[in-house]
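Structure at a glance
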Amino acid sequence: MSGGPLVVVGAALLDGGRLLAARRTGPPALAGGWELPGGKVDPGEGERAALVRECREELGVEVELLQRVGGDWPLPPSAVLRVWTARVVAGVPAAGPDHSELRWLDPGDWYGVAWLDADLPVVRAVQALAGPAA
Ligand SMILES: Nc1nc2c([nH]c(=O)n2[C@H]2C[C@H](O)[C@@H](COP(=O)(O)OP(=O)(O)OP(=O)(O)O)O2)c(=O)[nH]1
């Protein structure tokens, strides 16, 4: 055991003023909620490498990570979410088994989906970073 909290990494994929949201298929308590694509960091894996891997596996795209968004966002009861803004550099995001739907949210419509509780403050922070266009 390496100690410390379980780390989940998430990507705030931006395209112009649009933000990519992904609707979870499971587990039941989270199904239907919208999140930032990502997942758990594997043992011994770097966090940024994990996020690039998760975007490749979940969305089928290559991404470039840009800027860290805040610090540790709590995922009760015992995990933390670490988030980077990012952009797609190859491919077009497509939903795999983890997501029932992907949606590029237009500027002004970033709160038009039911974000998971943990993600709402993160989206606000991304908006503050991304500027008034978002
Ligand atoms: N990926 C992601 N997970 C989030 C977000 N917000 C949030 O509460 N979570 C929670 C949901 C899950 O309990 C956990 C991440 O698990 P996951 O299922 O996405 O991770 P994973 O892809 O590595 O999945 P697995 O290997 O366990 O199947 O964090 C978010 O924005 N992105």
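Residues numbered from 1 in each chain as written. Predicted model: local features only at pLDDT ≥ 70, side-chain atom pairs only at ≥ 80, totals over all residues. Heavy atoms only, no water.

1. A closer look at the layout of surface pockets
- Of the volumes computed, that of the largest pocket is approximately 570 Å³.
- The wall of the largest pocket is formed by 28 residues, among which V8, R24, L30, E35 and L75 lie closest to the centre.
- When residues of the lining of the largest pocket are assigned to their parent elements, the largest contribution, four residues, is made by strand β1 (residues 6-15).
- In the lining of the largest pocket, the residues fall into 14 nonpolar, seven polar and seven charged. (1 Å grid on protein atoms, 1.4 Å probe; cavity = no way out; pocket = protein on both sides within 12 Å on 5 of 7 lines; lining within 4 Å. Points joined across faces, edges and corners; volume = space filled by probe spheres on them. Helix = DSSP H or I, 4+ residues; strand = E, 2+ residues; numbered from the N terminus. Nonpolar A, V, L, I, M, F, W, Y, C, P; charged D, E, K, R; others polar.)

2. Section: the site of the ligand
- Taken together, 14 residues form the shell around the ligand, and within it R24, E35, L36, K40 and D119 come nearest.
- Within the backbone of L36, a nitrogen or oxygen atom sits 2.7 Å from a nitrogen atom of the ligand.
- In the model, an oxygen atom of the ligand is placed 3.3 Å from a nitrogen or oxygen of the E54 side chain.
- Contributions of two or more residues to the shell around the ligand are made by β4 (38-40) and α1 (47-59).
- For the shell around the ligand, the leading source of residues is β4, giving three residues. (Near = heavy atom within 4 Å. Polar contact = N/O pair within 3.5 Å; in protein donor to acceptor, adjacent residues only side chain to side chain.)

3. Regarding the nonpolar core
- Judged by nonpolar contacts, the single largest core of 21 residues is most densely connected at L19, V83, W115 and V122.
- At the level of elements, β1, β2 (18-24), β5 (62-75), β6 (79-90) and α2 (120-130) are the ones that each hand at least two residues to this core.
- Not counting residues within four places of it along the chain, the set of residues in contact with V83 comprises G10, A12, L36, Q67, R68, V69, W73 and V122.
- Membership of the second largest hydrophobic core comes to 17 residues, among which are V9, A11, L20 and V63. (Core = buried A, V, L, I, M, F, W, Y, C linked by side-chain atoms within 4.5 Å. Buried < 20%, exposed > 50% of the residue type's maximum accessible area, 1.4 Å probe, protein only. Contact = heavy atoms within 4.5 Å.)

4. A look at the UniProt feature "domain: Nudix hydrolase" (unreviewed entry) in the chain
- Those places that UniProt annotates as "domain: Nudix hydrolase" (unreviewed entry) correspond, in this numbering, to residues 4-130.
- Secondary structure across residues 4-130 comprises 19% helix and 43% strand; the distance between its end C-alpha atoms is 30 Å. (UniProt positions renumbered as here; feature names shortened; annotations may be inferred.)

5. Focus: the side chain of H99
- Structurally, the position occupied by H99 is in strand β7 (residues 99-105).
- Assessed through its relative accessible area of 4%, H99 is described here as buried.
- Non-local contacts of H99, meaning those with residues more than four positions away in its chain, are made with A22, R23, R24, T25, E35, E58 and L59.

6. Examining the environment of E57
- Secondary-structure assignment places E57 in helix α1.
- The exposed category is assigned to E57, whose relative accessible area is 53%.
- Distance from E57 to D98, taken between C-alpha atoms, is 9.8 Å for residues 41 residues apart in sequence.

7. Overview of α2
- When we look at burial in α2, the residues that qualify are V122, V123 and V126. Viewed end-on, α2 has its buried residues packed into an arc of 100 degrees, placing them on one side of the element.
- The inward-facing, buried residues of α2 abut β1, β2, β5 and β6.
- The positive-phi residue at the C-terminal boundary of α2 is G131, with phi of around 95 degrees. (Arc of directions from axis to C-beta.)

8. Structural notes on unusual backbone geometry
- For the peptide bond that leads from G26 to P27, omega is -10 degrees, which places it in the cis range.
- The topology assignment puts P27 in the loop between β2 and β3 (34-35).
- Across the junction of P76 and P77, the peptide omega takes the value 5 degrees, indicating a cis bond.

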